[in-house]
Each structure stands twice: as structure tokens, then as C-alpha cells.
Amino acid sequence: MDQYIDQFKEKFIEEASDILQELEKSLLLLEKNPKSKDLIDSVFRAMHTLKGGGAMFGFKLVSSFTHHFENLFDLIRKENLTLTSDIINLTFDSIDHIKILLKNNEILDDKLKNIHENIINRIEEYSNVPKKDSNIENKIINEELNRKKETIFFIGFYPNENILLNGSNPFYLIEDVCKLGQTYVIGKTSLENGYDNYNPELCYTKWYIILRTEKSVTEIQEIFLFVEDECNLDIVLLDNAQLQLNNTFFDKFKSFVNKNDCNTERLVEYINNTIKDNNGNEIIDVKQKNENSNLDSLSTIRVSSAKLDELMNVVSEIVSIQGKLALFAEKEGNEKVKIINEELEKTTKQLRDNVFNIRLVPLSTILIRFNRLIRELSSETGKEIDFIAEGTDTELDKNSIELLVDPIMHLIRNAVDHGIEDKNTRLLAGKPQKGIIKLKAFYSGSNVCIQIIDDGKGISVELIKDKAIELGLLKKGEKVSEKEILDFIFLPGFTTAQKVSNISGRGVGMDVVKKKVTDLRGDIGILTQPGQGTTFTLTIPITLSIIEGLLFSLGQQLFILPMAVVDKCYIFDKELTKGTLNNLFYNGTKYIPYIDLHDFFDIKSNRAEVQELIVVGFDNQKVGLVIDKVVGGHQVVLKPLGKFLREQDFISGGSILGDGSIALVIDINKMIRKFSESISGSMAQIV
Amino acid sequence: MAKKILIVDDSESIRELVTFTLQSEGYEVLSGINGKDAIRFLDGSKIDLIITDLYMPEMDGISFIREVRNRDAYKYTPILFLSTESQNEKKVEAKQAGATGWIVKPFVPAKLIEALNKVIR
Amino acid sequence: MEINENSVVRTVLTYKVNDELFAIDVINVISILEVCPVTKVPMAPPYIKGLINHSGNILPLIDLRIRFGLPEKNITNDTCIIVLKIKIDNELVSLGVQVDSVQDIFEIDTQKIESYPSVGTKYNSKFISGVYKTENMLLILLDLEKFLSNEKNVLLQSTVS
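None of these values were measured; they are calculated from a predicted model. Along each chain, residue indices are assigned from 1 in the same order as the chain's sequence is written. As they are written, the chains are lettered A onward and the ligands numbered 1 onward, keeping that order. Since the coordinates come from a predicted model, pLDDT governs what is reported: local features require at least 70, and pairs of side-chain atoms require 80 or more to be given and counted, while whole-chain, interface and lining totals use all residues. With hydrogens and water stripped out, all remaining heavy atoms of the structure feed into the side-chain values.

A.B. asks: Before we go on, may I ask you to explain the packing of helix H3 (residues 60-77) of chain A against helix H4 (residues 85-103) of chain A in this structure?
C.D. replies: Packed helices, taken two at a time, are described by the angle their axes make and the gap between the axes. All names here are of chain A. Fitted lines through C-alpha atoms serve as axes, helices being fitted only where they are in contact, and the angles separating the N-to-C directions of these axes extend from 0 to 180 degrees. Helical segments are the DSSP runs of H or I of at least four residues, strand segments are the runs of E of at least two, and each set is numbered from the N terminus. One can describe the packing of H3 onto H4 by two numbers: an axis separation of 11 Å at closest approach and a directional angle of 160°. In terms of orientation, H3 lies roughly antiparallel with respect to H4. Here H3 runs over H4; the crossing is left-handed. In this structure, H3 contributes Leu61, Val62, Phe65, Thr66, Phe69, Leu72, Phe73 and Ile76 to the contact, and H4 contributes Ile87, Leu90, Thr91, Ser94, His97, Ile98, Leu101 and Leu102. In this classification, Asp, Glu, Lys and Arg are treated as charged, Ala, Val, Leu, Ile, Met, Phe, Trp, Tyr, Cys and Pro as nonpolar, and every other residue, Gly included, as polar. Here the residues of the contact of H3 with H4 are counted per class, giving twelve nonpolar, four polar and no charged. For classification purposes, an angle smaller than 35 degrees is called roughly parallel, one larger than 145 roughly antiparallel, one from 65 to 115 roughly perpendicular, and anything else oblique. For a crossing to be left-handed, the near helix must be turned anticlockwise from the far one by less than a right angle; the clockwise case is right-handed. Contact criterion: two residues are considered in contact whenever any of their non-hydrogen atoms come within 4.5 Å of each other.

A.B. asks: Whenever I open this one, H3(A) confuses me. Can you help?
C.D. replies: Within an α-helix, residues lying three or four positions from one another point in the same direction, as the helix has 3.6 residues per turn. Residue and element names in this part refer to chain A. By definition here, a helix of n residues has an expected span of 1.5 Å times n minus one. For H3, with 18 residues, the first-to-last C-alpha span of 25 Å sits near the 26 Å given by 1.5 Å per residue. Working definition: with a 1.4 Å probe on protein chains only, accessible area under 20% of the residue-type maximum means buried, over 50% means exposed, and in between means partly exposed. Burial within H3 is extensive, with 13 of its 18 residues counted as buried. Of the residues flanking the end of H3, it is Glu79, one or two places downstream, whose phi is positive at about 65°.

A.B. asks: It is not clear to me how the nonpolar core should be interpreted in this structure. Could you clarify?
C.D. replies: The nonpolar side chains of a soluble globular protein tend to be buried with one another. Residues enter a nonpolar core if they are buried and are Ala, Val, Leu, Ile, Met, Phe, Trp, Tyr or Cys, with the set joined through side-chain atoms within 4.5 Å. By size, the foremost hydrophobic cluster in this structure holds 83 residues, and its most contacted members are Phe69(A), Phe73(A), Leu6(B), Leu22(B), Ile51(B) and Phe64(B). Contact partners of Leu6(B), with chain neighbours within four places excluded, come to Leu30(B), Ser31(B), Gly32(B), Ala38(B), Phe41(B), Ile47(B), Leu49(B), Ile50(B), Ile51(B) and Phe64(B).

A.B. asks: I keep staring at unusual backbone geometry and nothing clicks. Help me out?
C.D. replies: Where the residue is not glycine, phi is negative for most of them; where a peptide bond is considered, it is trans in most cases. Looking along the chain, the bond that leaves Lys105(B) and enters Pro106(B) is cis, with omega of -5°. Mapped onto the elements, Pro106(B) comes out in the loop between strand S5 (101-105) and helix H5 (109-119). Although it is not a glycine, Asp19(C) adopts a positive phi angle of roughly 70°. If you trace the backbone, Asp19(C) turns up in the loop between strand S1 (9-17) and strand S2 (20-25). With a phi close to 60°, Met43(C) is a non-glycine residue in the positive phi region. By secondary structure assignment, the location of Met43(C) is in the loop between strand S3 (29-34) and strand S4 (48-54). Exposure remark for Met43(C): the relative accessible area of 43% places this residue in the partly exposed category.

A.B. asks: Explain the sheet that holds strand S4 (residues 231-237) of chain A to me, please; I cannot follow it from the model alone.
C.D. replies: For sheets, the rule is that strands pair by backbone hydrogen bonds, running either parallel or antiparallel. Residues and elements named next belong to chain A. Between any two strands, at least two bridges found by DSSP are needed for them to pair. Taken together, the four strands give an open sheet; going across it, the order is S2-S3-S1-S4, and neighbouring strands pair in antiparallel fashion. Each having just a single partner strand, strand S2 (181-189) and S4 make up the two edges of the open sheet. In this sheet, neighbouring strand axes are inclined to one another by 15° on average, regardless of whether the strands run parallel or antiparallel. Two strands pair when backbone bridges link them, and strand S1 (residues 151-159) and strand S3 (residues 205-213) are joined in this way by seven bridges, in the antiparallel orientation. Directly across from Ile152, in S3, lies its bridge partner Arg212. Helix-sheet contacts for helix H8 (residues 247-259) involve S1, S2 and S3, and the interaxial angle to S2 is about 25°.

A.B. asks: Looking at this structure, how should I read the interface of chain A and chain C?
C.D. replies: It is common to give the size of an interface as the accessible area lost on bringing the parts into contact. Each partner contributes to the interface: chain A provides 19 residues, whereas chain C provides 22 residues. In total, about 1800 Å² of surface goes out of reach between chain A and chain C, with carbon and sulfur atoms giving 72% of it. When the buried area of chain A at its contact with chain C is split by residue, Lys643(A), Phe644(A) and Ile662(A) rank highest and sum to 40% of it. The salt bridge criterion pairs a side-chain nitrogen of Lys or Arg with a carboxyl oxygen of Asp or Glu, the two atoms within 4 Å. One can count zero salt bridges joining chain A with chain C. Under this definition, polar contacts are N or O atom pairs within 3.5 Å; protein pairs additionally need one hydrogen-donor-capable and one acceptor-capable atom, and for neighbouring residues in sequence, both atoms have to be side-chain atoms. Inspection of the region where chain A meets chain C yields two residue pairs in polar contact (both at pLDDT 80 or more). Breaking the side of chain A that touches chain C down by element, the ones donating at least two residues are strand S13 (557-562), strand S21 (651-656) and strand S22 (662-666) of chain A. Here the side of chain A that touches chain C takes four residues from S21(A), the largest share from any one element. A breakdown of the residues in the side of chain A that touches chain C according to their chemical character gives twelve nonpolar, four polar and three charged. Using a 1.4 Å probe, buried area is obtained as the accessible area two parts lose upon being combined, added over both of them.

Put into C-alpha cells, the structure is as follows:
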């Protein structure tokens, strides 16, 4: 970041000298016209610009120095101080001094120091330079809230009518709140004076948000910083029992909001009562998330995985049968049947979601193992380590989580052993004594990402390269990318460790880590910065076996894309494609690379006359897929293809459609990764 | 098409820094040297965000903000003004004139982008 | 066939590939189907014809002719699909195999199973667990579990003699 600003430093020095020249002229004129408002203003502005620019471009002394003069002339232009010839002389002296400061890059010898202090003393006789304003104090409701602990807030966002008129967008604000954690948002619009008096430029909506987050109140308030004066904002901590934010609660809350006049007090009371009420109809599950909690309490029960699998199978059957019914209803055209089918479809979706949630388990359940591991490793190696876990309520299928424990443990071991340096080395490098290892989990598209981040010494690409050459895996001078070099670590037996320790360095690790991750159809990536640290990212696809899918045709065959990755569909107009080596499609805003699936899959049958293009999102990139026709949405019961087809990359499973035919479900991750590897480099520029 | 941002500041080095920062993020940047100069950009064509300093010759920031809001095409354009910490009354004045939010000076380029993300996406 | 107290009997289903008669234990057979719609899988190995829907399950369909290394043949009225459940690499796998025709079910006396010579024979004896002779036929007991466990396995040996 510093070298970035440096290039503008020169520019500022030039500009400053221009300003100082103009300033001298203004002062000379001002001597003759001490009452001239314009001239006083221009002196003020000059000092203001020098102060601002000085601070921006690394001239702290110039900035603080001119700050005094800015204040001085502010008082003068507000007529709280009269301009005297002494002040003008003082200002002339300051101009000379500033010139020297700029020339010397602010290095003061004793002589200059004296001049500097002298001038400042003289100014201070004229004005009381106001002390630097401390940052606007943030209201903190509860000190405790700044500790990382999950809490649930009720946020009442009551914008004034005029909020839209200064360019604010309430939706951006709400979006930002949603980024802080799990949220439920309900808006209520009231047109008290009826539609006739509706003014589209005003805002008639209030929002009630329930937020479960690890963040503090301050961070919530920050979001609304710009609209402080244009709204009323209530942030209330709900009673500490962990409210289960599920559909049952939301439906009840929603209907309460719709039926009643609402204000913060009333709603908070309603929610708190709902949690407390253990009798009667409004029972809501209270999940105790504390690690010390008694797992045998009434609120949770243990269920055998086999029973769950059985339950899942039955649910999958129901979804399939409902698919057949949907097809039947369409064909028969019987309205009554169609209606019943729609109801069934809604309920089936709910059933599906609920059953899946049972199998999903938050990462925090395995966290304690990592905590202990770090403690042990810390004492074994004598390195002090801070372990931070973020996003631990990210959920994964129970099986997958169990399978990930070993790989993550291994990566943490590596981070402690090879990554984090010992105390002295760290201090010499200007790092804090305690090393930091962070476990971060989050959702990305239809994947869960788990990162193991350390602030240690990073991985030496050079060392790996040398080792690879030594082992004959690489020829000297062969051109290879950093990613390819880092990938060598995943080869069995590959290690650059000088000696093998108890913990790691035997080279029996990374290949197993990679295998376990690819067994879950996932991927592992490395980012490293010498001297700064390393980040391993595990990307695991969410293995829901019933997903929303988009059904489309390619020739005679039907395929499915998970709806979660689908962005937009277009008619594929060849006119809009640029005939470069990378197929590019212009969607009106930007160029998107595309894959022609007929070619990619080598499908022999004829294409449709007018083809369509589906844009999918992947890893922050967008890629288009050229297909024949989009058929529609489909609830996909994902069935594995079996052992013989497990190895192939692009189809992650199949689904049986209502009429018994099979549609293949595409694994977007693998496909696009393959595609982008073949177009290395140029894709990054375009998207 | 790229989003367009208008930067208005009488300091050339600030203009250049902001222009460079925004262009690196993929924005198209227009720049004016003061309020009066910047008015020529208010010709009805779409501007996605305006960033303006407050103290400028010919037409200062507050007046410029008022000018912007007076034009139908720019009634809802987000406007961020550059403010220094010791100028709270100015903040109120700017907001009353129609500003959406502010960026505190001095700022590092990352802070600029942060503030920007609060008002355009 | 004589069955006495000492014989252990295996019940097998017999099928033909390229006019040769093979046998598989009925315990591994789930059902026998006529030729049914097959969904092709892009970029799959050539011996996998595609996928079939069997009672709501998606199974791969393996063309045994191709897998044996024989040229593909057009489908006839006799062509059948046998749905099997066999253990490959310690995993129970369901799949369909396409054969030229399906014959009868026999009971064979295990004591009468002879070994298959490893040299000078058409097939790789690694995958043949034995042969069974009767007056009018020769049954080859093909160990499909072993054979199908690795793509690279080749059944047809080049006869050197």
C-alpha cells in the first residue's frame, strides 16, 4: 500500500509548491486589503489543502503544522479574530518553513526544530488550537458484547420518509446487516394515507431484523453510519437463551408482525416471551451451544446415522413420486390435480429441507479437538500460539465433517511445526510473539470452504522447486507456475524438511490430506507469502442429495445444473460472441467466457437451431455454458453413479425424472477448473 | 458498461490518487477541479457516484451538492463528501444539502473503496 | 445330474457371450431385463454403454462383449441385461451387464468343477474360477468380481501354441 501512494507524493510536492506560490501572492494582496473575504478564504483553503494532502501523502509535520494555520484563518474568516500584520508575517514565515519541510522530507535538525516550535508557539498565542477530536464515541450497550460470542439482536430500522432523497439505499444497509450473520428480515409498509397520496420518492417501509451474530453492536451501528440522521435505529439484545431461528418461529413472527401495530418494545417483548414459554403452544427449541453443556438435556436427542439414512431414502422416494405426479398433472391438465400437486410440492420441499438440516452439523462440534491439539503442540514446541476460529457455525454433513478432522489436524500440525517461527525469530521479524493460527469456515456458492491460516514464515517456493528437481520431477530451467510448484507438496513422500520431527516432516501427510479431500469430491489450494504466512483452503461441495436443479437438453440427452450455481440464462446469439481463441460472450455489461457443451461432451446429435446459454457462477467468476434448451426447474434426487463412473470428472450423479428417464447432474467445479486450466491466464483478465 | 464516478477536488494530487484508485477497481472516472467546473458533467448522462471536497474556489462543495440535487437526473445519485475529523458542523450542513455520506481525510485507498461500497454496488 | 449327500450344489444362471456359455451364481443376480433405454454418459469408457433406471436406481450398464475385447454386435431379440449385485474391492456394487443371450438356470455339483488351464487357452485363467462339463455343454465359471475390479483386466489371452 505504501509504494502505491509514493507515486503521488511527487505530485503532491509539485502541487504544494504551486499552492505556496499562490499563497504568497494572496498574502501580499491581503496586506493591502486585510478585509477581503475572498483573499482570506483562499488562504484558508490553501492551508486546508496542504493539511489534507500532507496527511494523505506522508507529510505528517506539514499536515499538523498547517493545521494550526487552517484554524487560525478559519477564525479570521468567521470574524472571530482580526487579521493583523503580525499574523501575515507569521504566515510568510510559515510558507518558508513549509518549503523547507517539503524539501527535507520533514527531517528536522536542531535549527529547524527551533523554528518549527517557535512558529507554533506564536500561533498559539492567537488561537486555542482545538485538541484533535477523538473519534465519535460509539455507544456500547454491553462491554461483554465485544467478546466473540454469539448473540441475537433485534434491530428495528425505521427510516425517515426522506431517506431516499439523499441517495441512500436501505437495501444495501440491510444487505450489509445480513452479512454479519444469520438474519431474518421482515419489512412492513404502511401507506397511511392510501395509494392516492403515495409519493414514490419517499420511503414508507420499516424493517424488523433478527440477527444472530458474533459481531458487536458497534459493527452493526457502523453500517448505519451514513444514515444516522435519517432514521431511527433500535438495536436490542434479546434474552440470552439461544433462539432457534427456524421456519416455525419465523412464520409465527411474521404473522404477528402482519396482524399487529409494531414497535421495538412490543416486538422484543413478543420474541422474549416466545423463548421463555415452556408450556402451551409456543414452544421453541432452545439449543444450548456452550461447549460445557450437558448433551443429555431434553433439547437434543441422539439418532443413529442408519435411521437418518433410512429417513433420507424415504424422503428421496417421496420427492421422486411427487415428480411423477407433477408430470401427470401437467399431461392430464386437470386443474384440481394440479393444485393438489402444488401443495404437495411445497410440503415436500419443506420436508426435504427439514430432514437435511438434521444431518447438517456445525463445524463447532469438532472444534474442541483442534483447540486441544494446539495446546499440546504449543507446549511440545515451546511456541505460543493463538487459535482463532471463525464461522464455526458453518454446517456440513456429519459424515463429511468426520472425514475432515484428520486432514485439518494435519494441516494445523504443519502450521505449528513448519509455519510458525519460534519466539525470537518472530520478534526479530517484527511479528508479535504469539503466532496466530486461524480456522475460518464459510459458504461459497454450493461449497463449504475451510481455511487454515497461519502468520508464520510461509512456504518457500524455491525450496520446493529445488527438491522437485532433485527428485527428478522437474527439469532445471523448466517453466512452471507457482501453483504447479506448490502442488508438489501433495505427492507422497515429498518433504523439504531437513529433519523429521515427531510431529511432521515424514512426508506422510499431505498426500493423504489431499486424498481425503478429493474423496469428498473437494479440492485443496495453497496461498503463501514468504515471511507472512500460509493459507490452505479446503473447498468441499455441499453434498445435499436433494437439490434444486435446472434441467436442460443437449441433443437427445437431459442434463441438470444445481440451481445454486446458476446465474442467468440467455439466448445464445452468435453475433454477440467475439471470435477470439477464448470463446467470449457479451451479455450487455461484460464479456463472459463460455464452454460449448456439445463440443465439450463430444455429443454427436444435432444442435438446436437456436441455442441457449446458461451463465454459472464459480469462484467469483462467471462462465457461460452453451446448451440446446432450458427445460425448467426440477427437484433433483441426486443418485450416485456407482463405482464405475466415480472417477470421471464432470458428472456428479444422476437423477430420475418423472417419466423414468435419467438426467445427468453436472459437477460445475470440476468442469470449470478443467476449462480454465486449458485457457490459463487469459480468463483472469477478462472477467 | 463500467460504473461512472465523478470526483471533484481542487487538489490535483488528490484527484489523481482517487482517479487511479477507482480506475484500478474498474470504474470510469470523471474529474472536476471545483464545483463550477464539475457542473458540466451534470448533463443528464448517468453518474453512479459523486465524491466531492468541501472547500474549493469558485463553487464550494456544499453549493455543488445543492446544485446536484436540484437536477432531476441526479436526485438520487449517491454523494460522498471528503471531510476532516474536526468538521462536524460541516457534516451536518453537507447532509442537509443532500449528501449521502462522507469519507474522512486523510484516507488510504482501501478506506475509499470501503465507503464507496456502502453506497454503490 | 447325480446328487448325493456329499455334493455341494451351486445354483447358477448361464448366459452367452459370443457363443460361449458362462455362469454366474444366482445369489448375485437381482433380475434379468430386456434391453431398455440407456442414458449415455459423456466421456465414459467405451465398455460402459451408459446408465439404466432399475426400480428407481441408477445403474451403469456394462457391455460384456466390449469388455471382453470383442467387437460390438447389434442388439438382437435375444440380447439381455442381467442386473447383478457383486462385491468389488470390498464394496457391494449393483450394475447391469449386457449379454448376447440368457440361458437356463442350472444346479451344478461343486465337486465336479474342474480347473481351467492357464496356458494355451482362450481366456486368462486368473478370472476363470473353473469349468463345468456336462454331456452337451461346457460352462465357464467366470469370476466377474475379479474381472470387473480393474479396468485394465483383459480376458482374452493371445493363444501361443
